[in-house]
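Observations on the model geometry
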Amino acid sequence: MSRRPATNRPHHPRIKAPPVSVTVAVATMVELERAALRKCLSVAAYLSELADVHAAELRRKGRKP
């Protein structure tokens, strides 16, 4: 049975930090996605409120929403 000779280096190469430009690009992308999500949620809330108002008007007129 052969054994690997003991070495001082680790089994896996050291993971290096990405360049700053990559970090900035990822951070910018995350911020844009968050802004888009906030916009979508605000539009969804507006449409939900609009549907509630419309249903209330239909009920007031005696029709089914």
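Preceding this paragraph is the structure being described.
As the structure is a prediction and not an experimental result, all values here were calculated from the model. (Residues numbered from 1 in each chain as written. Predicted model: local features only at pLDDT ≥ 70, side-chain atom pairs only at ≥ 80, totals over all residues. Heavy atoms only, no water.)

Quick notes on the overall build of the protein
Along its length, the protein carries 1 helix and 0 strands. Taken as a whole, the protein presents about 6,800 Å² of accessible surface, with 63% of it coming from carbon and sulfur. (Helix = DSSP H or I, 4+ residues; strand = E, 2+ residues; numbered from the N terminus. Areas by Shrake-Rupley, 256 points an atom, 1.4 Å probe, with all protein chains shown as cover.)

Comments concerning the pattern of salt bridges
All told, the structure shown has 1 salt bridge when counted by the stated rule. The partner of E31 in a salt bridge is R34, and the shortest N-O contact between them spans 3.2 Å. With E31 and R34 both in helix α1 (residues 20–60) and 3 residues apart, the pair spans about one turn of that helix. For E31, a relative accessible area of 42% puts it in the partly exposed group. (Salt bridge = Lys/Arg side-chain N within 4 Å of Asp/Glu carboxyl O. Buried < 20%, exposed > 50% of the residue type's maximum accessible area, 1.4 Å probe, protein only.)

Description of α1
Compared with an ideal rise of 1.5 Å per residue, which puts 41 residues at 60 Å, α1 spans 60 Å between its outermost C-alpha atoms and is within 8% of the ideal. Where α1 terminates, the next one or two residues include G62, which has phi positive at roughly 90°. (Expected span 1.5 Å × (residues − 1).)

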